[in-house]
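Coordinate analysis (summary)
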Amino acid sequence: MLLSQKTKITKTATIALVLVFAVAVFMLLTTIAFAQDDFGLEPVVESGLGTTDIRLVIINIIRVALGFLGILAVIIILYGGYVWMTSAGNDENVNKAKRILVNGVIGLVIILSSYAIVTFVFNKMEDVIFGDGSEQGSGYQNSDISAGALGGGVIESVYPLPGANNVPRNTLIMVSFKEEILLDSIITGTHANCPENISCGILAGDSEDPNVKILNLNDNSIISASDVMVYTTDLKNYIFDPYGSTGSHLGNPNGYTDYQVNLSTNIYFNNDLNTPVFSLDGYTWNFEISNIIDLTPPTIISRIPQGEVNRNVVIQIVFSEAINAAAAVNLNSVDVLYENVAGEEILIEGSRVISNGFTTLTIVSDIACEGPSEFNSCGDPVYCFPGDEDISVTVKAVTDPLFPLAGISDTAGNSLALDNSWLFNTNNELDLDPPELESIDPVDNAELVPRNKVIEAVFNEDLLASSVNSTNVLIYNGSLNDTPYTVNLNNHDLIRINATMVGNATYSTRLTSGIKDIYQNCFIPPLTNP
């Protein structure tokens, strides 16, 4: 009798556990079958079956079908439990119930396994059809960058790019801030190889825990602060030479090495309050160093203006690769000259800005335009080169190793092969027509936009590269600094935004009136999309 009671208790407990499990699975499968799916494949704005990729439609149908089959399997299990509970000790009914339960459980296991496989395939299809959010080699997206700093935050650009691959061992590391940074929070002391007449030294902070850490991820070693030569010419662009031109390089000649750079919370703005630039853990990005040494000199791939132009034009030089930011803005790297009425050569210093991922140098005259129309479409003053003059531009190569910033060199220290010179002619007219937007891609309220889509805006004329930056070109989802992104200008008139976007989200892009053409005219009106 006692054994019979124990058997009944065991049977009841077993059936109860099976039923509880079945109910739980039933609720899960009901959610799977009827709830809206969220695997990051929803469009940027809203979903619609009519425009969904046919492969994803098929997979969605399979998943829903499996959900219903799972519900059916659970119902069978519940039925088996009911048969067992009502068997009243009848061996034939008990055996029937056991067969129903076993078959139901086997079916449920098969269905759950099938669902797992389909979900795996579904997510892989996402990467194939919509992209996985990464761009190998370019380092623009999903590449271990700290959110809220690059693009929407205080940093305009970094080099090497976040997630970049195959970076030469003899590279410099560069950071371009949007605001001036307190010199003492990045640079301290002196370095034996510092160029003359610029702010230069070693990394500030503790020798083994500097304010800017360059970490070898392969062996988890940090380059000592005293080994890194750091310099700046404008308190915004900081150049880090990891081994101070001592002949050593990053990585090793036998393989590839992963590196990480961290800008710590001990870096401050150059203001009266010495406000910290970063909160929490600062800003961090990763890149991969190859086993090669770059010995290829940079070249000039585009230079404007050419021929006769209005006198409020700017000079814009595009290089084949990122160049040393400090050298680019040095007055000795590019000569802009004209002859006055006395036959004397006059140097125009102008305002010099390196932008566009450190590939484009812009020079704006420092001579205010004279006349009744010396303001642009935003009401800002316009600057001019002398009218009715031949203006000569000479981009210099480095000729003396003791003065490496007196000419243009790339991030591996390779100088231009030769000086590069050209002439343009100014008239006495001003161009005060604002640039116009010709097209945007994706269009306003576009659906099913891939997460790794490069956003493009085409203008009707050449733009001022230094105005095409993340202050004037914005992309955001909710708040203005929630999406890491970079902005580039291609062919002088095409703006490209590379952003780290997530699925099932609505994004807005904004082109502000801070964008200017090469005659310093503002884009009006600003565009927000959507």
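All values derive from a computational prediction rather than experimental measurement.

This part is about the pairing of strand β19 (residues 360–364). Put simply, side chains in a regular strand alternate between the two faces of the sheet. Taking burial as the measure, the 5 residues of β19 include 5 buried ones, the bulk of the element. The alternating pattern of β19 places T360, T362 and V364 and L361 and I363 on opposite faces, both of which are buried. Both strand β15 (residues 315–319) and β19 contribute to a ladder of 4 bridges, which runs antiparallel. Residue pairing for β19: Q316 is matched across the bridge by T362. The sheet contact formed by strand β18 (residues 351–355) and β19 spans 5 bridges and is antiparallel. Within β19, the position partnered with R352 by the bridge is I363. Hairpin connection from β18 to β19: 4 residues lie between these consecutive antiparallel strands, with N356 at a positive phi of about 60°.

Let us look at the sheet that holds strand β13 (residues 300–304). Strand order across the open sheet formed by 4 strands is β13-β15-β19-β18, with antiparallel pairing between neighbours. Lying at the two open borders of the sheet, with one neighbouring strand each, are β13 and β18. On average, each strand axis in the sheet is tilted by 15° relative to the strand beside it, whichever way the strands run.

Further remarks concern unusual backbone geometry. Trans peptide bonds make up the majority, and among non-glycine residues the majority have a negative phi. Between I304 and P305 the backbone carries a cis peptide bond, its omega angle lying at 10°. For the peptide bond that leads from D441 to P442, omega is 5°, which places it in the cis range. Along the chain, P442 falls in the loop between β22 (437–441) and β23 (455–459). Even without being glycine, L235 reaches a positive phi, approximately 65°. Checked against the element boundaries, L235 lands in the loop between β9 (229–232) and β10 (237–241).

Judged by side-chain polarity, L69, L72, I75 and I76 come together as a nonpolar surface patch covering roughly 340 Å² of accessible area. Judged by relative accessible area, which is 45%, L72 ranks as partly exposed.

Counted by the stated rule, this structure contains 6 aromatic pairs. Both rings, one in F385 and one in F424, keep their centres 5.8 Å apart while their planes meet at 75°; by these two values the pair is edge-to-face. Taken together, the residues span a long stretch of sequence, with F385 in the loop between β19 and β20 (390–395) and F424 in strand β21 (residues 420–426) at a distance of 39 residues. Judged by its relative accessible area of 0%, F424 falls in the buried class. Arranged with centres 5.2 Å apart and planes meeting at 85°, the rings of F459 and F523 form a pair that is edge-to-face. Of this pair, F459 sits in strand β23 while F523 sits in the loop between β27 (508–511) and β28 (527–529), placing them 64 residues apart in sequence. Like F523, F459 is buried. Here the aromatic residues F278, Y283 and W285 are joined through ring pairs into a cluster of three or more.

Let's shift gears to the confidence of the model for the protein. As a general rule, the predicted coordinates of low-pLDDT regions are not to be interpreted in detail. Residues at a pLDDT of 70 or more form 79% of the protein, whose mean pLDDT is 81. Low pLDDT, under 50, characterises residues 124–148; the predicted model gives this stretch 71 contacts beyond four residues in sequence or across chains.

Thresholds applied
- Residues numbered from 1 in each chain as written.
- Predicted model: local features only at pLDDT ≥ 70, side-chain atom pairs only at ≥ 80, totals over all residues.
- Heavy atoms only, no water.
- Buried < 20%, exposed > 50% of the residue type's maximum accessible area, 1.4 Å probe, protein only.
- Helix = DSSP H or I, 4+ residues; strand = E, 2+ residues; numbered from the N terminus.
- Pairing = 2+ DSSP bridges.
- Axes fitted to C-alpha atoms, helices over the stretch in contact; angles between N-to-C directions.
- Patch = residues over 30% accessible without salt bridge, like charges linked within 9 Å, V, L, I, M, F, W, Y side chains within 5 Å.
- Areas by Shrake-Rupley, 256 points an atom, 1.4 Å probe, with all protein chains shown as cover.
- Salt bridge = Lys/Arg side-chain N within 4 Å of Asp/Glu carboxyl O.
- Phe/Tyr/Trp six-rings, centres within 6.5 Å; stacked < 30°, edge-to-face > 60°.
- pLDDT = per-residue confidence, 0-100.
- Contact = heavy atoms within 4.5 Å.

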